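Descriptive analysis of the structure
Letter by letter, the chains look like this.
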Amino acid sequence: KKQIAMSKTNEPSLERAAYRSKGLKEGEDDVRVFFKDPYNVRGKDRLLCFVSEHTRYPFVVVYNDAKWNLEKRFSDFAQLDSDLDEYFKSNENVVLPEFPPKKLFGSLSPALINERKDKLEKYMKALAKDPTVLQCQHLRAFLETPDVVGADKHKEFNFGRR
């Protein structure tokens, strides 16, 4: 008997196969997001007598067999939501998830920041689950997928399974 040895480079990703069993079709991307703990950043500029301060929301993007870290402000997520609303406004087949409301006061309180993080994570996971929304260039640019920003941008976070 002749044994056939498969090299690891020819072997399909086990992780990818697992997601195929969950309904992922050939040609569809497996995109997932996982949020980390947000943190506040003090700005150098001042508005009247107040030092500017904002919260950064770091998260990991898993895209097929690669992953990378991103950080965005709440206003970045709000802009994405606005862009998606505009893009899909005439498409009755797409129902976008609810976006967390903006708060004018108390936006730096730890309780609000954690609540907002949970809602943003739920929002982003819902977007990533919808195959139609996932093909939208606004979302792909926001997530910095390789087809938009280039294959080498997030190379250092590659799982090494190509």
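Residues numbered from 1 in each chain as written. Predicted model: local features only at pLDDT ≥ 70, side-chain atom pairs only at ≥ 80, totals over all residues. Heavy atoms only, no water.

**Quick word on the overall build of the protein**
- A tally of regular secondary structure across the protein gives 6 helices and 4 strands.
- Counted from the first residue to the last, the protein has its helices and strands arranged as α-β-β-β-β-α-α-α-α-α.
- Taking the intrachain contacts of the protein between residues at least 6 apart in sequence as the baseline, contacts between residues at least 24 apart amount to 58%.
- Summed over its atoms, the accessible surface of the protein is roughly 11000 Å², and 53% of this surface lies on carbon and sulfur atoms. (Helix = DSSP H or I, 4+ residues; strand = E, 2+ residues; numbered from the N terminus. Contact = heavy atoms within 4.5 Å. Areas by Shrake-Rupley, 256 points an atom, 1.4 Å probe, with all protein chains shown as cover.)

**A few points about the confidence of the model for the protein**
- Across the protein, the average pLDDT comes to 81, with 71% of residues at 70 or higher.
- Confidence drops under a pLDDT of 50 for residues 1-16, and excluding neighbours within four residues, the segment shows 16 contacts in the predicted structure. (pLDDT = per-residue confidence, 0-100.)

**Considerations on the pattern of salt bridges**
- With the rule as written, the count across this model stands at 8 salt bridges.
- Linking Asp 29 and Arg 140 is a salt bridge whose minimum nitrogen-to-oxygen distance equals 2.8 Å. One end of the pair, Asp 29, is in the loop between α1 (14-20) and β1 (31-35); the other, Arg 140, is in helix α5 (residues 137-143), with 111 residues separating them in the sequence.
- Classification of Arg 140 as buried rests on a relative accessible area of 3%.
- Close ionic contact of Lys 119 with Glu 115 constitutes a salt bridge, the shortest N to O distance being 3.1 Å. With Lys 119 and Glu 115 both in helix α3 (residues 110-129) and 4 residues apart, the pair spans about one turn of that helix.
- Each of the salt bridges in this network shares a partner with another, and the network as a whole consists of Asp 29, Arg 140 and Asp 147. (Salt bridge = Lys/Arg side-chain N within 4 Å of Asp/Glu carboxyl O. Buried < 20%, exposed > 50% of the residue type's maximum accessible area, 1.4 Å probe, protein only.)

**What to know about the side chain of Thr 145**
- Looking at where Thr 145 falls in the secondary structure, it is placed in the loop between α5 and α6 (146-149).
- Residue classification places Thr 145 among the buried positions, given a relative accessible area of 1%.
- Within the structure, Thr 145 has its side chain in polar contact with the side chain of Asp 147 (distance 2.6 Å).
- Setting aside anything within four residues of it in sequence, one finds Thr 145 in contact with Tyr 63, Trp 68, Arg 140 and Gly 150. (Polar contact = N/O pair within 3.5 Å; in protein donor to acceptor, adjacent residues only side chain to side chain.)

**Some points on the nonpolar core**
- If you look at the biggest cluster of nonpolar residues, it comprises 30 residues, and the most contacted ones within it are Phe 59, Phe 77, Leu 84, Met 124, Leu 127 and Leu 143.
- At the level of secondary structure, the elements contributing two or more residues to this core comprise β1, β3 (50-63), β4 (66-73), α2 (74-88), α3, α4 (131-134) and α5.
- In terms of residue count, the dominant contributor to this core is α3 (6 residues).
- For Phe 59, the contacting residues outside a window of four places in its chain are Val 33, Phe 34, Phe 35, Lys 36, Trp 68, Asn 69, Leu 70, Lys 72, Phe 77, Phe 142 and Leu 143. (Core = buried A, V, L, I, M, F, W, Y, C linked by side-chain atoms within 4.5 Å.)

**A word on the packing of α2 against α3**
- It is at 12 Å that the axes of α2 and α3 come closest, and there the two elements cross at 35°. Taken as a pair, α2 and α3 cross one another with a handedness that is left-handed. Here Phe 74, Phe 77, Leu 80, Asp 81 and Leu 84 of α2 come into contact with α3, specifically with Arg 116, Leu 120, Tyr 123, Met 124 and Leu 127.
- For the contact of α2 with α3, the class distribution of residues is 8 nonpolar, no polar and 2 charged. (Axes fitted to C-alpha atoms, helices over the stretch in contact; angles between N-to-C directions. Left-handed = near helix turned anticlockwise from the far one by under 90°. Nonpolar A, V, L, I, M, F, W, Y, C, P; charged D, E, K, R; others polar.)

**Things to note about the environment of Leu 80**
- Position of Leu 80 among the secondary structure elements: in helix α2.
- Of the residues examined, Leu 80 reaches a relative accessible area of 3% and is grouped as buried.
- As for Leu 80 and Leu 139, which are separated by 59 residues in sequence, their C-alpha atoms are 7.1 Å apart.
- Apart from the residues within four sequence positions on either side, Leu 80 is in contact with Met 124, Leu 127, His 138, Leu 139 and Phe 142.

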